[in-house]
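One-letter residues, chain by chain:
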Amino acid sequence: MGAWLSPAAAQEQVLNLYSARHYQTDEALYANFTKSTGIRINRVDTDDAGLLARLKSEGAASPADVILLVDAARLWQAEEDGLFQAVKSKTLDARIPAQLRGKASEAGSAWFGLSTRARVIVYNQQAVKKEDVLNYQDLGSPKNKGRVCTRSGSHPYNLSLFGAVYEHIGAEATEAWLKGLVTNMARAPKGGDTDQIKAVASGECGVAITNTYYLARMMRSEKPEDREVMSKVGVVFPNQQSWGTHINIAGGAVARHAKNRDNAIKFLEYLSSNEAQSYFANGNNEWPAVSGVRLSNVALESFGNFKSETIPISKVGANQPQVQKMLDRVGYK
Ligand code: FE
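## Remarks on the domain arrangement of the protein
Structurally, the protein comprises domain 1 (13–116 + 247–301) and domain 2 (117–245 + 315–330). On a C-alpha basis, the centroid separation for the pair domain 1 and domain 2 is 27 Å. Taken residue by residue, the interface counts 23 residues in domain 1 and 20 residues in domain 2. In total, domain 1 and domain 2 occlude about 1700 Å² of area from one another, counting both sides; carbon and sulfur atoms represent 54% of this. Of all residues in domain 1, the largest losses of buried area upon contact with domain 2 belong to W76, I247 and N285, amounting jointly to 28% of the total for that side.

Spelled out as structure tokens, the structure:
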């Protein structure tokens, strides 16, 4: 059969990418990789849950080489489910901080954080005093009764946040806090992070939680209605006097059954390059995982410097089964 193929076709290099990143600005990232390496990317885009289900049903026959996911809880779960293989790469080890990687073993790390986002508090500047919402714990306190809005407690962004709080204050205090959150709800959990920001601006909610890139997107928006929303909303990077603001990641891994393993590693290494890292920051308003990458993003710059938590991100994911049980007990839907 090989005789029928031109040498170029026989040697064509491919990479099968399963991506849950739902950000249009990633296009340029993939195109640049192909341009510089000659490796063609076949891409499957779906949400995290769909992607993980697909990988499981494909099993060893899966064509996936690289998997990109957007949350620490999901990365941890996929690692637990045996969907990744460990990778040792001098480049990745040098560039991606250890606390942003999956479990380390002789064989390397199971996954690598590629960009970070903070989970912050937004409040209605007319209805709520900033001093009342400086810490995550404040949202469970009686002073914020009837004010709190969140998306579903079981959404991975919240599972990761609650898993982090668990790591910082322990099981008992975390469950009491979650119970307080439920007591303080202005409405039943619904919608995404952007919906919470809008509901805070309208006054339906006094205070809510959101990832920073949703905020940054609205801050950079030219639409008058987005500007109006942002004029009503104050932003707090929580827990500056204690453990620091909760950080989550988007990350990537080499698939367990990757057929193009070398290309997969090359791709992850490319995503840690300065060029790719600045795409994450400037395109989707995330912070680069690699330190020292220059930002040119007015929204991120306006957030300034803040204290981030420093717990290993893999712990945040590992706490989610316990956290989910707590949510069930306190009735946090
Ligand atoms: Fe998101």
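## With respect to the packing of helix α8 (residues 193–202) against helix α9 (residues 212–219)
Relative orientation and spacing of two packed helices are given, respectively, by the angle between their axes and the distance between those axes. Direction vectors running N to C along α8 and α9 enclose 60 degrees, while the axes themselves pass 9 Å from each other. Relative to α9, the element α8 is oriented oblique. When the axes of α8 and α9 are compared, the crossing they make is right-handed. Across the interface between the two elements, D193, T194, I197 and K198 from α8 touch Y214, L215 and M218 from α9. Residue classes in the contact of α8 with α9 are distributed as four nonpolar, one polar and two charged.

Definitions and cut-offs
- Residues numbered from 1 in each chain as written.
- Predicted model: local features only at pLDDT ≥ 70, side-chain atom pairs only at ≥ 80, totals over all residues.
- Heavy atoms only, no water.
- Domains from an automatic or database assignment.
- Contact = heavy atoms within 4.5 Å.
- Buried area = accessible area lost by both parts, 1.4 Å probe.
- Axes fitted to C-alpha atoms, helices over the stretch in contact; angles between N-to-C directions.
- Helix = DSSP H or I, 4+ residues; strand = E, 2+ residues; numbered from the N terminus.
- Parallel < 35°, antiparallel > 145°, perpendicular 65-115°, else oblique.
- Left-handed = near helix turned anticlockwise from the far one by under 90°.
- Nonpolar A, V, L, I, M, F, W, Y, C, P; charged D, E, K, R; others polar.

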